[in-house]
Amino acid sequence: MRPLLSFIMVVAILGGVQLYMTHRPRVVAYQAEPDAVAEGEFRLEVTLSFAAGPDPFALELEDAPSLLVLFRGQPVLHRTNAIPGGQVIVSDPVDGIVQGQNEFFVQATCANDASLTANAIRVRILRDAVVIAEQTFWSEPGEAIQGALNVTVPPESSAEATVQE
Amino acid sequence: MLKCIGMAGNRSGKSSNAKGLWRFALIIATVGISCFSVTCAAEQNRVGIAVCSTTQVADFVRQVVGDRWEVQSVLTPGSDPHTYQITPADVQLVKNATLCFENGLHLEGADWMKNLAADAGKKLVTCTDRIQPIMIEEEGQAVPVRDPHAWFDPANARIYVLNILDAVVAADPDHEREYKARTELYLGQLRNLNAWIIKQVNALPRERRVLVTSHDAFNYFCKAYGFESAAPEGWSTGAEVGAGVTPASRAKAIESIRKFGVKSIFVETSVNPEVIKQMASEAGVQVGGSLYSDSMGPPGSAGETYLGMMRENVLTIIQALE
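This is a predicted model, so every value here is computed, not measured. (Residues numbered from 1 in each chain as written. Chains lettered and ligands numbered in written order. Predicted model: local features only at pLDDT ≥ 70, side-chain atom pairs only at ≥ 80, totals over all residues.)

## Digging into the domain arrangement of chain B
All names here are of chain B. Note the following rule: Each domain span listed reflects an automatic or database assignment of domains. Contacts here follow a simple rule: the backbone-placed C-beta atoms of the two residues must lie within 7 Å. Only DSSP runs of H or I covering at least 4 residues are called helices, and only runs of E covering at least 2 are called strands; the numbering of each starts at the N terminus. Under this grouping Gly is polar, as are all residues other than the nonpolar Ala, Val, Leu, Ile, Met, Phe, Trp, Tyr, Cys and Pro and the charged Asp, Glu, Lys and Arg.
When its domains are assigned, chain B resolves into domain 1 (48-193) and domain 2 (204-321). In this structure, domain 1 and domain 2 have C-alpha centres spaced 23 Å apart. At the junction of the two partners, domain 1 supplies 31 residues and domain 2 supplies 30 residues. Those elements giving two or more residues to the side of domain 1 that touches domain 2 turn out to be α2 (55-65), α5 (154-171) and α6 (176-202). The element best represented in the side of domain 1 that touches domain 2 is α2, accounting for four residues. Of the residues assigned to the side of domain 1 that touches domain 2, the class counts are twelve nonpolar, 13 polar and six charged.

Next up, the structure:
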């Protein structure tokens, strides 16, 4: 009796699984539409309130960035040297900005002697020499500044872009 | 009949007791053998023995090598490296070492670690190599001396760790990635420590940032975090290297206490506190607490590790001076 009962249970379980596998909802691959490249010439400006330098706690000091701006995973600005405070660092032109959502990842480390105060970094995006987005990032003393600037770029050059805080 | 049954029951009870004992013995033996094999496996995985001069250096080495190496320290918590006298046990310890590590810059009075390693024919790694030392002008010394207490700046602690990493990777290149990963993790902790200290120190008004300690060990800390430092003893606690308390250095330290309106002064865990206590009563200030300086704390204390030692020191300083 027991073997028969076990057999019935096994058949029931396997049948259930088979039934689920045949009737489960199919996963359809998402077809992403390519983003439309925004018109105009884009320029990125970064201004530091402090003297930036390579991360004093990096494993390899030579490769440690003092200032890094990534766009779509690629470096738009990558400096490993010391940068004095107040100097405007420019990347011109910035290619690949699309209509809609664009995200810039910003990171800067302060040179050790400047780290006793809070630090700030100002990031501006210009389209055809007109500022379309700007944001300031702050850090606590001794900490590296890290932040993301999210800009929604409209199709027309004349329309204002929006920044998501 | 009853007697028979009773005897039979007794016999079966004895037999079950014996079986129980056998089972127990078998379990104990299995557990014992497993523990032994685990210990043997762990020891087999060990690459070498690192013998370090001070507790700080030993902690840095431990952070890089993890369980791959056996790490031993010549100095025990609370010992003074400036005046330490080597023992036959130290000679034996260094004899068994794969690599030896020292602080350098003559922290080890009369270069005892250099001598130990040289006598045993062992490679010695100096952790302060590539560090820009602070030069101290000592009374009665024509030439400024290099301050050996470089670990008090976490940025220098990074250089200690990188020197250790280079030496360990050269000795055991097979586990390079593992050592680098551990080092990177520890550098992150040093970065966090630095940020935390800055935050704590910033809560203290600038005019109160005066650190008076038993001996001149905190120059790197003071330079990194904007403190003035003063100490009755020189950079070493050993009078044989041109230091020790002199009436002039004592008077100068008391003058500094009065000049800066210092609220508290500090004793050190590895230095006799009497001088500081006398100075505190003479200057009319309080003893703010005990700081870890040339040696870290014993196991189980807050100063057991470098990170703990630094945090504990900062908390003691801030609480006493604010």
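## A look at the packing of helix α8 (residues 247-260) of chain B against helix α9 (residues 274-283) of chain B
Residue and element names in this part refer to chain B. Just so we agree on the cut-off: For every element, the axis is a line fit to its C-alpha atoms; helices are fit only across the contacting stretch, and the angle between N-to-C directions ranges from 0 to 180 degrees. Roughly parallel refers to an angle under 35 degrees, roughly antiparallel to one over 145, roughly perpendicular to one between 65 and 115, and oblique to any angle outside these ranges. Rotating anticlockwise by less than a right angle from the far helix to the near helix defines a left-handed crossing, while the corresponding clockwise rotation defines a right-handed one.
Close contact between α8 and α9 brings their axes to 10 Å; oriented N to C, the two are set at 50°. Taken together, the axis directions place α8 and α9 in an arrangement best described as oblique. As for the relative orientation of α8 and α9, their crossing is right-handed in sense. In contact with Arg250, Ala253, Ile254, Ile257 and Arg258 of α8, α9 contributes Met279, Glu282 and Ala283. When grouped by side-chain class, the residues that make up the contact of α8 with α9 number five nonpolar, no polar and three charged.

## Details of the pairing of strand β3 (residues 74-79) of chain A
All names here are of chain A. This is how it is decided: The criterion for strand pairing is that DSSP finds at least two bridges linking the strands in question.
In this structure, strand β2 (residues 67-71) lies alongside β3, joined through five bridges in antiparallel fashion. Within β3, the position partnered with Leu70 by the bridge is Pro75. The hairpin turn running from β2 into β3, its antiparallel successor, is two residues long, and Arg72 in that turn takes a positive phi close to 55°.

## Re the sheet that holds strand β6 (residues 119-127) of chain A
All names here are of chain A. Spatially, β4-β1-β6-β7 is the arrangement adopted by the four strands of the open sheet, whose pairing is antiparallel. Strands at the two margins of the open sheet, each flanked by one partner only, are β4 (88-91) and β7 (130-139). In this sheet, adjacent strand axes meet at a mean angle of 20° when their direction is disregarded. The pairing of strand β1 (residues 42-48) with β6 spans seven bridges and is classified as antiparallel. Following the sheet pairing, Leu48 is matched in β6 by Ile121.

## Observations concerning the confidence of the model for chain B
Residues and elements named next belong to chain B. As a reminder of what qualifies: By definition, pLDDT measures how confident the predictor is in each residue, and it falls between 0 and 100.
Mean pLDDT for chain B: 85, with 85% of residues reaching 70 or above. Between the elements of chain B, mean pLDDT differs from a low of 61, seen in helix α1 (residues 2-45), to a high of 98, seen in strand β3 (residues 99-102). Below pLDDT 50 for its whole length, residues 1-9 participates in zero contacts with residues either more than four positions away or in separate chains. Every residue in residues 239-243 is under pLDDT 50, and counting partners more than four places away or in other chains gives 13 contacts. Reported confidences for the modelled complex are a pTM of 0.77 and an ipTM of 0.73.

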